[in-house]
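Listed here are the chains, written in short residue letters.
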Amino acid sequence: MAQNVAKIRNIGITAHIDAGKTTLSERILYYTKKIHKIGEVDEGSATMDYMPQEQERGITITSAATMFLWKGYEIHLIDTPGHVDFTIEVERSLRVLDGVVAVLCAVGGVQPQTETVWHQAERYKVPRIVFVNKLDRIGADFNRAISMMRERLGANPVPVQIPMFRGDEFLGVIDLIRMKSIVWDQSTLGDEFSFDDIPDEFLEEALAARKTMLESAAEMDEELLEHYLENEDLDEKQIIRGLRIGTLSNRLVPTLCGSALKNQGVQPVIDAVIDFLPSPADVPPVSGVNPTTGEVEFRAPKAKEPLCAFVFKVMMDQGRKATYVRVYSGELEAEKEVYNATRGSKERVARLFLTHANKREKITAAFPGTIVLAVGLKDARTGDTLTSPSAPLVLESLDMHIPVISIA
Ligand code: GDP
């Protein structure tokens, strides 16, 4: 489990119903090898504690959070309710995640639920990237989806990929950052793909789109802008840096495309989560009220700070109470007492787990930035703050996410 906060991402995937949120989530878990074959449950080791209902349901994610590893990063995928009626639940999940992947359908573009959740994320300044899905469908139109993002969401989308079409046929995408085409091998369901030179017929369009992307990235930072004006180019690292600054400050939205169903463009989405979305270290310390003094205090995402954790979901699971918690500061330890600052009572955490797609991994302690499942808490309810007994704090119900730009 990562203890380096910079290597953690807490994200949610949002979409209008049917745009492909489930398909994308499943493919992501497939690629990160949490599941070996789509639709099949992992044959785990004896140390894993299975959830029978989930096994029956295949890989549908019913946990409030699922963790997976990718290129040395620990990514927590937090479930965001699909129905707009649960606005409070959406807002609560926005409270514990640091970034959002919004999925659009390339045919429908921006749809009513896309707008609702987008504006909620906007309100809490949660940085977003977009995946324009279903490019394999007849009527798919990437450029129209981009215009709709501008007009209906008031967003500043910056394509970091463009699709390649021959007639109606979707061939693959062009990665504008590395100036390579990515074409998937259909016979392996997209498991294999190759980075190639860009075919001549798409070169002009790709160069124009890259120029727009470079200008957007350069504008986000003075040093980059100076470099760009002098050299008329930026390297891969510089582009990612500029786009990351823009995403974290909610000034632009890196936009990718593909087809989740055909496994085209899924891995680049996971890379983009790492490249552009914030780590818990990029968001400012959380604030709350010390119930003893009535003073506002802050907690930074550091293990050395006193414990401060937020309960964002309580579920019944096999007759036991399963409490999903985000740790903001300090360490949450198994077999230890915590202070429920909201209720003014002491409680004991019996066991702690990281939840994967179909299994749980027992852990002894959870560090800042992580999302864990705690068993044994009797009184804790959704919205409560758990702290160290010596440093009580009640988190304000919803903090504004205003990311700090601190990129090495
Ligand atoms: P959700 O409601 O957003 O979770 O959407 P789902 O992932 O359940 O997808 C809705 C439907 O769209 C399903 O029938 C999927 O198979 C289909 N679908 C998802 N992604 C794609 C895609 O990239 N291309 C096509 N053609 N169909 C897709």
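The structure under discussion appears in the preceding block.
Below: a short report on this structure. Nothing here was measured: the structure is a model prediction, and the numbers come from that model.

For Val-158, the position within the fold is in strand β7 (residues 157-159). Separated by 226 residues in the primary sequence, Val-158 and Asp-384 place their C-alpha atoms 38 Å from one another. Ignoring anything within four residues of it in the chain, the contact list for Val-158 reads Met-213, Ser-216, Leu-243, Leu-252, Val-253, Pro-254 and Thr-255.

It is worth spelling out empty space enclosed by the protein at this point. In this structure the tally under the stated criterion is two cavities of 30 Å³ or more. For the largest cavity, the full set of lining residues is Thr-14, Ala-15, His-16, Ala-102, Val-103, Gln-113, Thr-114, Val-117 and Trp-118. Elements represented by at least two residues in the lining of the largest cavity include exactly β1 (8-15), β5 (99-105) and α4 (112-123). With four residues, α4 is the single largest residue contributor to the lining of the largest cavity. Of the residues belonging to the lining of the largest cavity, the class tally is five nonpolar, four polar and no charged.

Glancing now at helix α5 (residues 142-153). For α5, which comprises twelve residues, the first-to-last C-alpha distance of 16 Å matches the rise-based estimate of 16 Å (1.5 Å per residue) to within 8%. Among all positions of α5, only Phe-142, Ala-145, Ile-146, Met-148, Met-149 and Leu-153 are buried. Projected down its long axis, α5 shows its buried positions confined to an angular sector of 160 degrees, all on one face. Set apart from the buried face of α5 by more than 90 degrees, the exposed residues are Asn-143 and Glu-151. The opening residue of α5 is Asp-141, an N-cap whose side-chain oxygen sits 3.2 Å from the backbone nitrogen of Asn-143.

The next subject is the pairing of strand β15 (residues 308-317). Across nine bridges, β15 lies against strand β16 (residues 320-329) in antiparallel orientation. Among the inter-strand pairings, Lys-313 is bridged to a residue of β16, identified as Tyr-324. Turn length for the β15-β16 hairpin, with the two strands adjacent in sequence and antiparallel, is two residues, and the turn residue Gln-318 shows positive phi of about 50 degrees.

This paragraph deals with the pattern of salt bridges. For the coordinates displayed, the defined rule picks out 16 salt bridges. One salt bridge in this structure joins Lys-262 and Asp-136, with 3.8 Å as the shortest N-O distance. Note that Lys-262 is positioned in the loop between β12 (253-257) and α9 (266-276) and Asp-136 in the loop between β6 (128-133) and α5, a separation of 126 residues in sequence. The class of Asp-136 is partly exposed, set by a relative accessible area of 26%. Asp-233 serves as the salt-bridge partner of Arg-210, at 2.7 Å between the closest nitrogen and oxygen. With a gap of 23 residues between them, Arg-210 in helix α6 (residues 200-219) and Asp-233 in the loop between α7 (222-231) and α8 (236-248) connect regions that are remote in the sequence. According to the relative accessible area criterion, Arg-210 is buried, its value standing at 11%. The exposure class assigned to Asp-233 is partly exposed, which follows from its relative accessible area of 35%.

Rules used in this analysis
Residues numbered from 1 in each chain as written. Predicted model: local features only at pLDDT ≥ 70, side-chain atom pairs only at ≥ 80, totals over all residues. Heavy atoms only, no water. Helix = DSSP H or I, 4+ residues; strand = E, 2+ residues; numbered from the N terminus. Contact = heavy atoms within 4.5 Å. 1 Å grid on protein atoms, 1.4 Å probe; cavity = no way out; pocket = protein on both sides within 12 Å on 5 of 7 lines; lining within 4 Å. Points joined across faces, edges and corners; volume = space filled by probe spheres on them. Nonpolar A, V, L, I, M, F, W, Y, C, P; charged D, E, K, R; others polar. Expected span 1.5 Å × (residues − 1). Buried < 20%, exposed > 50% of the residue type's maximum accessible area, 1.4 Å probe, protein only. Arc of directions from axis to C-beta. Polar contact = N/O pair within 3.5 Å; in protein donor to acceptor, adjacent residues only side chain to side chain. Pairing = 2+ DSSP bridges. Salt bridge = Lys/Arg side-chain N within 4 Å of Asp/Glu carboxyl O.

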